[in-house]
Amino acid sequence: EDAKIIPIVYRHKKRTAKIILWNWNIKTNVQANEEKRYEKLCEIWTFDKNDAQKYKWRLNSQFYFNLKLSPVIKGENKSAFLACVDKGRYQIAKEIRNVLTGMGIECNFWLVKQKNNKYEKDDEEWIKDSSLSYSVFLKNVQNSDIIIDLVQKGQSGITVRILEAIIAGKKIITNNVSIRGNELFDKKNMYIWEDKSDMADLYQFLNDNKCEYDVSVVEKYMFDSWIENFY
């Protein structure tokens, strides 16, 4: 739907200007074909390597702003935070929540339900009707020890959630296996949740309180670096 504005922008742009359509979500074939209608008017880019290869689009990573973060309010126990729309994430979110709770981790999960999807009654406390405001979301990121990042099936690009967690200096649990090949990956700070995850490794990961990221690498994902990649 957003791509439909391209012809309007094209008619009003300066002759020397170029239009870039950058996708920060993965696309279905139908959505991609809709965007390809405007290829002669703009450059099409994506954050996702799989989509870049599949649709022959250009690739640029996600980005974030280097925000000044407020003081952290810590509870007595370690806590994990997840906030996302279901989109097929319910079962893995439930699995992770059960494991972490069993390990004594407080789980602050907020999964926005989808129509016609069935949810177990025991999960009603963390299955919600609407999303959190971004300001409340950021406060929860700040006040948590671990951020849960769950990508949709077939996604390979780094999410904004990863960058938010890194900027806040938090440990990350993600199901995005492709992050292993990314320069941001650090096994001391990131745990990849897979079908055959080693619970002993997870326990050790959770009990290591150190969490530091390479600032020089993180800076590549800030807005100024991101915008320069288009030139």
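Placed above this text is the structure.
Only a predicted model underlies this, so the values are computations on that prediction, with no experimental measurement involved.

**Student:** Is there a simple way to think about the packing of aromatic side chains in this case?
**Tutor:** When we look at a pair of aromatic rings, we describe it by the centre distance and by the angle of the planes. Counted under the stated rule, the structure contains 17 aromatic pairs. Arranged with centres 4.8 Å apart and planes meeting at 40°, the rings of Tyr-55 and Trp-57 form a pair that is tilted. This pair shows no difference in class: Tyr-55 is buried, exactly as Trp-57 is. With centroids separated by 4.9 Å and ring planes inclined at 75°, the aromatic side chains of Tyr-90 and Tyr-119 adopt a geometry described as edge-to-face.

**Student:** What am I meant to see in the side chain of Asn-140 here?
**Tutor:** Locating Asn-140 in the fold gives a position in helix α5 (residues 134-142). The contact partners of Asn-140, leaving out residues within four places of it in the chain, are Phe-81, Asn-108 and Leu-132.

**Student:** Please explain the pairing of strand β8 (residues 171-174) as it appears in this structure.
**Tutor:** Along a regular strand, successive side chains alternate from one face of the sheet to the other. Side chains of β8 alternate between two faces, with Lys-171 and Ile-173 and Ile-172 and Thr-174 buried alike. Chirality of the crossover, the property in question, places the unit of strand β7 (residues 146-149), helix α6 (residues 160-167) and β8 among those that are right-handed. By the bridge criterion, three bridges tie β8 to strand β9 (residues 190-192) in an arrangement that is parallel. Of the residues in β9, the one forming a bridge with Ile-172 is Met-190.

**Student:** What should I look at first to understand the pattern of salt bridges in this one?
**Tutor:** Pairing is possible between side chains of opposite charge, provided their charged atoms come close. This model, assessed by the stated rule, comprises eleven salt bridges. With a shortest N-O distance of 3.4 Å, Arg-58 and Glu-43 are connected by a salt bridge. Here Arg-58 is found in strand β3 (residues 58-59), whereas its partner Glu-43 is found in strand β2 (residues 43-46), with 15 residues between them in sequence. Relative accessible area serves as the criterion here: at 45%, Arg-58 is assigned to the partly exposed category. Assessed through its relative accessible area of 18%, Glu-43 is described here as buried.

**Student:** What's the story with the layout of surface pockets in this structure? I'm lost.
**Tutor:** To find leftover empty space, a probe the size of one water molecule is rolled over the atoms. Space inside the largest pocket adds up to approximately 660 Å³. If you go around the largest pocket, you meet 27 residues; those closest to its centre are Asn-25, Ala-83, Cys-84, Arg-89 and Arg-161. Those elements that place two or more of their residues in the lining of the largest pocket are β4 (79-85), β5 (106-112), α5, β7 and α6. Per-element accounting of the lining of the largest pocket gives the leading share, four residues, to β4. Here the lining of the largest pocket is composed, by residue class, of 15 nonpolar, seven polar and five charged.

**Student:** Explain the environment of Gln-142 here, please?
**Tutor:** Tracing the sequence through the fold places Gln-142 in helix α5. Considering only alpha carbons, one finds Gln-142 and Ile-167, 25 residues apart in sequence, at a separation of 9.8 Å.

**Student:** Is there a simple way to think about the sheet that holds β3 in this case?
**Tutor:** Sheets are built from strands paired through backbone hydrogen bonds, the pairs being either parallel or antiparallel. Spatially, three strands are ordered β1-β2-β3 in an open sheet, and the strand pairing comes out parallel. Of all the strands in the sheet, just β1 (20-23) and β3 have a single pairing partner and so form its edges. By the bridge criterion, four bridges tie β1 to β2 in an arrangement that is parallel. Bridged to Asn-23 within β2 is Thr-46.

**Student:** I would appreciate a short explanation of the environment of Ile-26 in the present structure.
**Tutor:** Along the polypeptide, Ile-26 turns up in the loop between β1 and α2 (29-36). The sequence separation of Ile-26 and Asn-50 amounts to 24 residues, and the corresponding C-alpha distance is 8.7 Å. The contacts of Ile-26, once residues within four sequence positions are left out, are Gln-31, Phe-47, Asp-48, Asp-51, Gln-152, Lys-153 and Gln-155.

Here is what the cut-offs are and how they apply
- Residues numbered from 1 in each chain as written.
- Predicted model: local features only at pLDDT ≥ 70, side-chain atom pairs only at ≥ 80, totals over all residues.
- Heavy atoms only, no water.
- Phe/Tyr/Trp six-rings, centres within 6.5 Å; stacked < 30°, edge-to-face > 60°.
- Buried < 20%, exposed > 50% of the residue type's maximum accessible area, 1.4 Å probe, protein only.
- Helix = DSSP H or I, 4+ residues; strand = E, 2+ residues; numbered from the N terminus.
- Contact = heavy atoms within 4.5 Å.
- Right-handed = clockwise from strand over helix to strand, strands pointing away.
- Pairing = 2+ DSSP bridges.
- Salt bridge = Lys/Arg side-chain N within 4 Å of Asp/Glu carboxyl O.
- 1 Å grid on protein atoms, 1.4 Å probe; cavity = no way out; pocket = protein on both sides within 12 Å on 5 of 7 lines; lining within 4 Å.
- Points joined across faces, edges and corners; volume = space filled by probe spheres on them.
- Nonpolar A, V, L, I, M, F, W, Y, C, P; charged D, E, K, R; others polar.

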